[in-house]
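Examination of the molecular architecture
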Number of protein chains: 2
Amino acid sequence: MAKFPASLQQMVEQFNRLPGIGTKTSERFVFWLLKQPKEIMTEFMQGFSQLRDTVQVCSRCYNFSESAVCGICSDPRRDQALVCVAAEAPEVWAIEQTGEYSGLYHVLGGVVNQIEGVGPSELRIEELVRRASDGVVKEVILATNPDVEGETTAMIITQALSSVPIHITRIARGLPMGGDVEYADSVTLSNALKGRTNIK
Amino acid sequence: MAKFPASLQQMVEQFNRLPGIGTKTSERFVFWLLKQPKEIMTEFMQGFSQLRDTVQVCSRCYNFSESAVCGICSDPRRDQALVCVAAEAPEVWAIEQTGEYSGLYHVLGGVVNQIEGVGPSELRIEELVRRASDGVVKEVILATNPDVEGETTAMIITQALSSVPIHITRIARGLPMGGDVEYADSVTLSNALKGRTNIK
């Protein structure tokens, strides 16, 4: 019973580390790569090298950036009085894709999670308090997920900002587009009722 | 509406090329990578580099190998009289994993497929005929898939080998382990009946 060549096997193991990718899928990736022109692998290597060497964390908002201060923070057209607090960078890009937000961001670096041992001190809450106290910021929008960890984190941030004279808001909770009143869970439905808006 | 940093975006596009991987999954991979120590990316690069530079095709059986002749072909304990014909390299490794086969292989490089424009001349059939005519080979096992393309390819190979004085066999078709006679399709069931084996 022969084994994969070592260099093939090690690449299977590399892909196997990616989130949600098992051995069978890793093997499929490697066999696919071996059927492509060799340039594809070179391009992957260049991609990794570029990602590793140019992506850093913005010193103001902690979002991923290619410069010390990111494109959003350094854009004078963005509303400097508005700071949206996100758990991680992917949330920032999701909000950017709505095209509806023109303020700044603050990436926490996670949410409070007792099981995983992430406490408030692991998050960039002090940095947020400092930013929010600069006299320019007027509103902080808490955009953590509406789940136990996200709500806890939002509560902790609210407490931390209690003495800072700014508005604190929370993204709306309610039914998602395409949702179904009949099948919505009661917490969602209850939130949708509490958060009802005026039509007329 | 800000965009991903360029080096992040290009890596999303790289992952997006992998079979079965869409943009959302690619983004997840990239954000996951950015949360890992930088060494992970270096290890990926080394993996790609090793795969690109050391994996070649065995000059005898056309399986992937790290030397001019692969480990299976150069193993004197393998039965040189037996050649198993597989469409692609992954099939070779699947058969190796059974631990039941001790002969050699011959990788065709695909199967005949009219829609994709793959004709018999694109496959390594001539090379197989040459190998099978060496006087050492006694049996060629056709292990292409039991589907239209695999059966057609098996038929074409049988014709190509018609004048070579060797046995040609085909892997058994029947019900897979855990299969269900009641729900099996009639072609499978018909094959299972035709291929029945003696018990007593």
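The sections below set out a description of the structure shown in this document.

It is worth spelling out the overall build of chain A at this point. What chain A contains, in helices and strands, is seven helices and six strands. Going from N to C terminus, chain A has its helices and strands arranged as α-α-α-β-β-β-α-β-α-β-α-β-α. When burial is assessed residue by residue, chain A has 42% of its 200 residues classed as buried. A fraction of 46% describes how many contacts in chain A between residues 6 or more apart in sequence connect residues 24 or more apart. For chain A, the exposed area adds up to about 11100 Å²; of that, 54% sits on carbon and sulfur atoms. Side chains of chain A carry 19 positive and 24 negative charges; the gap between the two charge centres is 2 Å.

Moving on, we get to the nonpolar core. Generally speaking, nonpolar side chains in soluble globular proteins are found buried as a group. If you look at the biggest cluster of nonpolar residues, it comprises 44 residues, and the most contacted ones within it are Phe15(A), Phe48(A), Phe15(B) and Phe48(B). For this core, the secondary-structure elements that each account for two or more residues are helix H1 (6-17), helix H2 (23-35), helix H3 (39-54) and helix H4 (89-98) of chain A together with helix H1 (6-17), helix H2 (23-35), helix H3 (39-54) and helix H4 (89-98) of chain B. With residues up to four places along the chain from it excluded, the contact list for Phe48(B) reads Met11(A), Phe15(A), Leu33(A), Met41(A), Phe44(A), Met45(A) and Phe48(A).

On to the relation of the copies chain B and chain A. Under the fitted operation, chain B is carried onto chain A by 0.0 Å of movement along the axis and a turn of 180°, and the coordinates agree to an RMSD of 0.1 Å. Taken together, the rotation and translation relating the two chain copies correspond to the operation of a two-fold axis. Every residue of chain B has its C-alpha some distance from the rotation axis, and the shortest such distance is that of Met45(B), at 2.5 Å. When the interface residues of chain B are mapped onto chain A, 100% of them again lie at the interface, so the same face is used by both copies.

Across the contact, 52 residues belong to chain B and 52 residues belong to chain A. Overall, the association of chain B and chain A removes approximately 5400 Å² of surface from exposure, summing both partners, and the carbon and sulfur fraction of that is 72%. Contact with chain A buries area across many residues of chain B, yet Phe48(B), Leu51(B) and Arg52(B) alone supply 14% of it, more than any other trio. Here chain B is connected to chain A by four salt bridges.

So, about the pairing of strand E3 (residues 79-86) of chain A. Counting buried residues along E3(A), six of its eight residues qualify, which places the element largely inside the surrounding structure. In the classification by handedness, the crossover that spans E3(A), the intervening H4(A) and the parallel strand E4 (residues 103-107) of chain A is right-handed.

Below, the discussion takes up unusual backbone geometry. With the exception of glycine, most residues fall at negative phi, and the peptide bonds are largely trans. Its identity is not glycine, yet Tyr62(A) carries a phi of approximately 70°, on the positive side. Tracing the backbone through its elements, the reader meets Tyr62(A) in the loop between strand E1 (56-57) and strand E2 (64-65).

Residue position: Ser65(A) is located in strand E2. With sequence-adjacent residues up to four places away left out, Ser65(A) is seen in contact with Thr54(A), Val55(A), Gln56(A), Cys58(A), Cys70(A) and Pro5(B).

The final tally for this structure, using the stated rule, is 17 aromatic pairs over all chains. Joined through ring pairs, the aromatic side chains of Phe15(A), Phe29(A), Phe44(A), Phe48(A), Phe15(B), Phe29(B), Phe44(B) and Phe48(B) make up one cluster.

On to the sheet that holds strand E6 (residues 167-170) of chain B. Residues and elements named next belong to chain B. Read across the sheet, four strands follow the order E4-E3-E5-E6 without closing on themselves; strand pairing throughout is parallel. The open sheet has two edge strands with one neighbour each: strand E4 (103-107) and E6. Going from strand to strand, the sheet's axes swing by 25° on average, the running direction of each strand aside. Two elements, strand E3 (residues 79-86) and E4, share five bridges in a ladder whose sense is parallel. Among the inter-strand pairings, Val-83 is bridged to a residue of E4, identified as Leu-104. Its contacts with the sheet put H4 on E3 and E4, and the angle it makes with E4 is roughly 160°. Each of E3, E4 and strand E5 (139-142) touches helix H5 (residues 125-132); the most contacted strand, E4, lies at about 155° to it.

As a further point, take helix H5 (residues 125-132) of chain A. Residue and element names in this part refer to chain A. Taken residue by residue, H5 has Ile-125, Leu-128, Arg-131 and Ala-132 as its buried positions. When H5 is viewed along its axis, its buried side chains cluster within an angular range of 115° and face the same direction. Among the exposed residues of H5, those oriented more than 90 degrees off its buried face are Glu-126 and Arg-130. Turning to H5, the residues buried within the fold contact E3, E4, strand E5 (139-142) and helix H6 (148-160).

Another aspect to go through is the packing of H1(A) against H3(B). In the contact formed by H1(A) and H3(B), the axes pass within 9 Å of each other and the chain directions differ by 150°. It follows that H1(A) is roughly antiparallel to H3(B) by the angle criterion. For the pair H1(A) and H3(B), the sense of crossing is left-handed. Across the interface between the two elements, Ser7(A), Leu8(A), Gln10(A), Met11(A), Gln14(A), Phe15(A) and Arg17(A) from H1(A) touch Ile40(B), Glu43(B), Phe44(B), Gly47(B), Phe48(B), Gln50(B), Leu51(B) and Thr54(B) from H3(B). Per-class residue counts for the contact of H1(A) with H3(B) are seven nonpolar, six polar and two charged.

Using a relative accessible area of 2% as the deciding quantity, one classes Ser65(B) as buried. Among the polar contacts listed, one links the side chain of Ser65(B) to the backbone oxygen of Ser67(B), at a separation of 2.6 Å. What Ser65(B) contacts, discounting residues up to four positions off in sequence, is Pro5(A), Thr54(B), Val55(B), Gln56(B), Cys58(B) and Cys70(B).

Analysis parameters
Within every chain, residues take consecutive numbers counted from 1 along the sequence as written. Working convention: letters from A go to chains and numbers from 1 go to ligands, in the order in which they are written. With the structure being a predicted model, the display of local features is reserved for residues of pLDDT at least 70 and the display and counting of side-chain atom pairs for 80 or more, all residues being used for whole-chain, interface and lining totals. The basis for every side-chain value is the complete set of non-hydrogen atoms in the structure, without hydrogens or water. Strands are runs of DSSP state E lasting at least two residues, helices are runs of H or I lasting at least four, and both sets are numbered from the N terminus onward. Buried means the residue's accessible area, taken with a 1.4 Å probe over protein chains only, is under 20% of the maximum for its type, while exposed means over 50%, and partly exposed covers the values in between. Whether two residues are in contact is decided by their heavy atoms, any of which lying within 4.5 Å being enough. The Shrake-Rupley method, run with a 1.4 Å probe, gives the accessible areas here. Residue values count only the displayed protein chains as cover. When charges are counted, Lys and Arg are positive and Asp and Glu negative, with His and the chain ends excluded. Charge coordinates come from a single atom per side chain, which is NZ of Lys, CZ of Arg, CG of Asp or CD of Glu. Residue types Ala, Val, Leu, Ile, Met, Phe, Trp, Tyr and Cys, when buried and joined through side-chain atoms within 4.5 Å, form a set referred to as a nonpolar core. Alignment of copies: least-squares fit on C-alpha atoms of residues with pLDDT of at least 70 in both copies. Here's the idea: put two parts together, see how much 1.4 Å probe accessible area each one loses, and the total over both is what we call buried area. For salt bridges, the criterion is a side-chain nitrogen of Lys or Arg within 4 Å of an Asp or Glu carboxyl oxygen. Viewed with both strands pointing away, a crossover whose connecting path from the first strand over the helix to the second turns clockwise is right-handed. Here a Phe, Tyr or Trp ring, Trp counted by its six-membered ring, pairs with any other such ring whose centre lies within 6.5 Å, and the pair is stacked when the planes are under 30 degrees apart, edge-to-face when over 60, and tilted otherwise. By this definition, two strands are paired if DSSP reports at least two bridges between them. Lines fitted to C-alpha atoms define the axes, with helix axes restricted to the stretch in contact, and inter-axis angles between N-to-C directions lie between 0 and 180 degrees. Working note: the arc is built from the helix axis to C-beta atom directions. Roughly parallel means an angle under 35 degrees; roughly antiparallel, over 145; roughly perpendicular, 65 to 115; everything else is oblique. Should the near helix be turned anticlockwise from the far one by less than a right angle, the crossing is left-handed, and should it be turned clockwise, the crossing is right-handed. The residue classification treats Ala, Val, Leu, Ile, Met, Phe, Trp, Tyr, Cys and Pro as nonpolar and Asp, Glu, Lys and Arg as charged. All others, Gly included, are polar. A 3.5 Å cut-off defines polar contacts: any pair of N or O atoms within that distance qualifies, except that in protein one atom must be a possible hydrogen donor and the other a possible acceptor, and neighbouring residues in sequence count only when both atoms are side-chain atoms.

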